[in-house]
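Secondary and tertiary structure notes
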Amino acid sequence: MRIPTIKDDRLYTKEHEWVKIEGDAAMVGISDYAQDLLTDVVFVELPKAGKALEQFKPACVVESVKSVSDVYAPLSGTVSEANSALEKSPEAINGDPYGAGWIFKITGFKTEETANLMDAAAYKAFIATLKH
Amino acid sequence: MLLKTPLNDIHKNLGARMVDFGGWEMPVVYTNQIEEHHAVRKAAGIFDVSHMGEIMVTGAQAFDLVQKLVSKDIEPMQDGQVSLGVLCNERGGIIDDLTVYKFSPQQYMLVVNAGTAEKDYQWVQQHAQGLDVKTENISAEITKIDLQGPRSQEILQQLTPADLSEIKRYRFKEISVDGVSMTVSRSGYTGEDGFELYFENTSAEKIWNVLLEKGKPFGLVPCGLGSRDTLRTECGMMLYGHDIDEDHTPFEAVYGWAVSEKKDFIGKDALMRQRQEGLQRKLVGFEMLDRGIARQHYPVYFQNEEVGVVTSGTPSPTLNKNIGMAYIRPALNIPGTAIEIKIRDNLAKAKIVKLPFYTRPSRSEAF
């Protein structure tokens, strides 16, 4: 397997979501490792704006040709916006997981919950422990 | 401990993603499942399907045994012919679907699914008792590679002195490919022209590599079980353990054509009774109208009432829509009927369509 790109400017979960906090919004997507594992993403069921999220509980769903996978909320809060471009181009999650492939934004999150997340170095070490 | 085919190392060296498929460690995708799918529709692909089972039936009563086990009448089969068929239990339930290769009235090869091979062999052995026939499970010695796609003949022709145009659809010959003697049929599980190659394990890597090398200029790529699944679904071909199993009969599935009324076989009484009494469910094709992909076990609704269950569902790379198969009430099996598939918490609109979803263009249209 190729070595996944891990960006230093955000935090990660054990379920392979990333979250990038910019002001009062936290942008969420899945990591390069996760998109590679999923293979071709062909469908994203986006969360509706206003949906209440609980940390590490399912927020929405991404599907590859063969599989259905939950995307977990990295932080509790409220969905403020979903990336509707993914309805037409779900493959952006594969092509640009940290940019155009972002999935939703959370507002009203609790900053103290970031203590339960991993930084890039910890996430790198974590995926190195996973058998593949 | 997962079972491995003789090509296991090759798959890993090619960077394939390996998965557990019925106890076998098999490649699901090499680079990109959708590209592998399109390669088979437009050019060619090779699949390692050595996990599948081969059972040889040999002897004076070989015909009698196969005729008793398989639902289809094999009497009209000629030597060198391949036929699809179904093994049924006494209740008419499908033990397996298979292909029958007739070498002679005294020799047949049954090609069966990987997950059912052991069960099938026991069933064959059990019914061979008292007959002048020898049964042999040769699965572990045989490598099976499927070469599929419109460029298949051109690719394989470079490697054999045999004239492949003489092997017609659902026929086979024993020929030499790159110096290796093998059984080659013009058949497959993708809906495209192509060949299934059976030969001894000792030549597995050599044949795989030479097919890759000679096929590359034609656009051939190695294909995993992922694309095999989308290819077969587009053609409405059933997959054992998903669309068919021992709790479903050939009539409920799309195997009614493989049931003979003329001869006796195991399960016939139950099947004839079922046909007289009428079916309670029927396997049908559908396509999604709303966004969303139907998956196995999702419930099917008609006018807010649950009327069935999805057995296979996938995006169709060729048709660019989401398709699937489901068992539903037979009365609803009318193309165009509006149904809904329950996807998580939502009811997504779909409609019944005729199977197969995709048929390859005929030669005259293609050229």
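Residues numbered from 1 in each chain as written. Chains lettered and ligands numbered in written order. Predicted model: local features only at pLDDT ≥ 70, side-chain atom pairs only at ≥ 80, totals over all residues.

1. Notes on the domain arrangement of chain B
Residues and elements named next belong to chain B. Here is the rule: An automatic or database domain assignment is the source of the domain bounds shown. Note on contacts: each residue gets a C-beta atom placed from the backbone, and two residues are in contact if those atoms are within 7 Å. Strands here mean DSSP runs of E at least two residues long; helices mean DSSP runs of H or I at least four residues long; both are numbered from the N terminus. Note that Gly is not counted as nonpolar here; it falls among the polar residues with everything else outside the nonpolar set of Ala, Val, Leu, Ile, Met, Phe, Trp, Tyr, Cys and Pro and the charged set of Asp, Glu, Lys and Arg.
Here chain B is partitioned into domain 1 (8-49 + 141-234) and domain 2 (280-367). The C-alpha-based centres of domain 1 and domain 2 are spaced at 29 Å. At the junction of the two partners, domain 1 supplies 11 residues and domain 2 supplies 11 residues. Contributing elements (two or more residues each) for the side of domain 1 that touches domain 2: helix H2 (33-42) and helix H7 (225-234). Looking at the side of domain 1 that touches domain 2 residue by residue, the class counts come to two nonpolar, five polar and four charged.

2. Some remarks on the sheet that holds strand E4 (residues 41-45) of chain A
Two modes of strand pairing occur in sheets, parallel and antiparallel, and in both the strands are linked by backbone hydrogen bonds. All names here are of chain A. Stated precisely, the cut-off is as follows: Whether two strands pair comes down to DSSP finding at least two bridges between them. Convention adopted: a line fitted to C-alpha atoms gives each axis, helices being fitted over their contacting stretch, and angles between N-to-C directions are expressed from 0 to 180 degrees.
Pairing is antiparallel in the open sheet, where three strands are placed in the order E4-E6-E7. Sheet topology places E4 and strand E7 (68-72) at the edges, where each strand pairs with a single neighbour. Each neighbouring strand pair of the sheet contributes to a mean axis angle of 30 degrees, computed without reference to strand direction. Where E4 lies against strand E6 (residues 58-64), four bridges are found, and the strand directions are antiparallel. Bridge pairing in E6 links Val44 to Val62.

3. Considerations on the sheet that holds strand E5 (residues 81-88) of chain B
All names here are of chain B. Reading across from one edge, E5-E6-E7-E4-E8 is the order of the five strands in this open sheet, with antiparallel pairing throughout. Whereas interior strands pair on both sides, the edge strands pair on one side only; in this sheet they are E5 and strand E8 (134-137). Taken pair by pair, the neighbouring strands of this sheet meet at an average axis angle of 25 degrees, ignoring direction. As paired strands, strand E4 (residues 53-58) and E8 are joined by four bridges and run antiparallel to one another. Each bridged residue has a counterpart across the sheet, and for Thr58 the counterpart in E8 is Lys134. Each of E4, E5, strand E6 (94-104) and strand E7 (107-112) touches helix H3 (residues 62-69); the most contacted strand, E4, lies at about 130 degrees to it. Taken strand by strand, helix H4 (residues 117-128) contacts E4, E5, E6, E7 and E8, and its axis lies near 10 degrees from that of E4.

4. A look at H2(B)
Residue and element names in this part refer to chain B. Test applied: The burial label depends on the number of other C-beta atoms within 10 Å of a residue's C-beta. Counts of 20 or more mean buried, 12 or fewer mean exposed, and intermediate counts mean partly exposed, with C-beta atoms placed from the backbone.
Judged by how many residues are buried, H2 sits mostly within the fold: seven of 10 residues are covered. Within H2, the full set of buried residues consists of Gln33, Ile34, Glu36, His37, Ala39, Val40 and Arg41. Packing partners of the buried residues in H2 comprise strand E2 (24-29), strand E3 (44-48), strand E9 (142-148), strand E13 (220-222) and H7.

5. Quick notes on the environment of B:Val177
Residue and element names in this part refer to chain B. Relative to the helices and strands, Val177 resides in strand E10 (residues 172-177). The exposure class of Val177 is buried, given the 24 C-beta atoms found within 10 Å. Apart from the residues lying within four places of it in its own chain, the contact partners of Val177 are Leu156, Leu159, Thr160, Met182, Leu197 and Ile207.

6. Examining the nonpolar core
Put simply, the rule reads: By definition, a nonpolar core groups buried Ala, Val, Leu, Ile, Met, Phe, Trp, Tyr and Cys residues that are joined through C-beta atoms within 7 Å.
Formed by 90 residues in total, the largest nonpolar core has its most connected members in B:Val57, B:Val66, B:Val100, B:Leu110, B:Leu147 and B:Leu197. No fewer than three residues from each of domain 1 (8-49 + 141-234) and domain 2 (280-367) of chain B sit in this core. If near-sequence neighbours (up to four positions away) are discounted, B:Val57 is found in contact with B:Ala62, B:Leu65, B:Val66, B:Tyr108, B:Leu110, B:Val124, B:Val133 and B:Thr135. Formed by 38 residues, the second largest nonpolar core is a distinct cluster that contains A:Trp18, A:Ala59, A:Leu117 and A:Ile127.

7. As for unusual backbone geometry
In the segment running from B:Leu355 into B:Pro356, the intervening peptide bond is cis, with an omega of -5 degrees. With respect to the helices, strands and loops of the structure, B:Pro356 is situated in the loop between strand E19 (346-353) and helix H9 (363-366). For A:Phe56, which is not glycine, the phi torsion reads 70 degrees and is therefore positive. Looking at the element boundaries, A:Phe56 is found in the loop between strand E5 (52-53) and E6. Phi at B:Gln303 is positive, roughly 50 degrees, even though this residue is not glycine. Mapped onto the elements, B:Gln303 comes out in the loop between strand E15 (299-302) and strand E16 (305-316).

8. Quick word on the pairing of strand E9 (residues 104-107) of chain A
All names here are of chain A. By the bridge criterion, four bridges tie strand E3 (residues 25-30) to E9 in an arrangement that is antiparallel. In the sheet register, Val28 faces E9, and the bridge partner there is Phe104. Both strand E8 (residues 77-82) and E9 contribute to a ladder of four bridges, which runs antiparallel. Paired with Glu81 across the bridge in E9 is Lys105.

9. As for the environment of B:Gly93
Residue and element names in this part refer to chain B. The topology assignment puts Gly93 in the loop between E5 and E6. Sequence-wise, Gly93 and Lys342 are 249 residues apart; in three dimensions their C-alpha atoms are separated by 27 Å. Among all residues touching Gly93, those that are not within four sequence positions of it are Cys88, Glu246, Asp247, His248 and Thr249.

10. Examining the packing of H2(B) against H7(B)
Geometry of a packed helix pair, given as the angle between the helix axes and the separation of the axes. Residues and elements named next belong to chain B. Note the threshold: An angle below 35 degrees is treated as roughly parallel, one above 145 as roughly antiparallel, one from 65 to 115 as roughly perpendicular, and anything else as oblique. What makes a crossing left-handed is the near helix being turned counterclockwise from the far one by less than a right angle; a clockwise turn instead makes it right-handed.
Packing of H2 against H7 leaves a shortest axis separation of 8 Å and a crossing angle of 55 degrees. As far as their axial angle goes, H7 and H2 are oblique. In this structure, H2 meets H7 at a crossing whose hand is right-handed. Here Gln33, Glu36, His37 and Val40 of H2 lie close against H7, whose contacting residues are Gly226, Ser227, Thr230 and Leu231. Per-class residue counts for the contact of H2 with H7 are two nonpolar, five polar and one charged.

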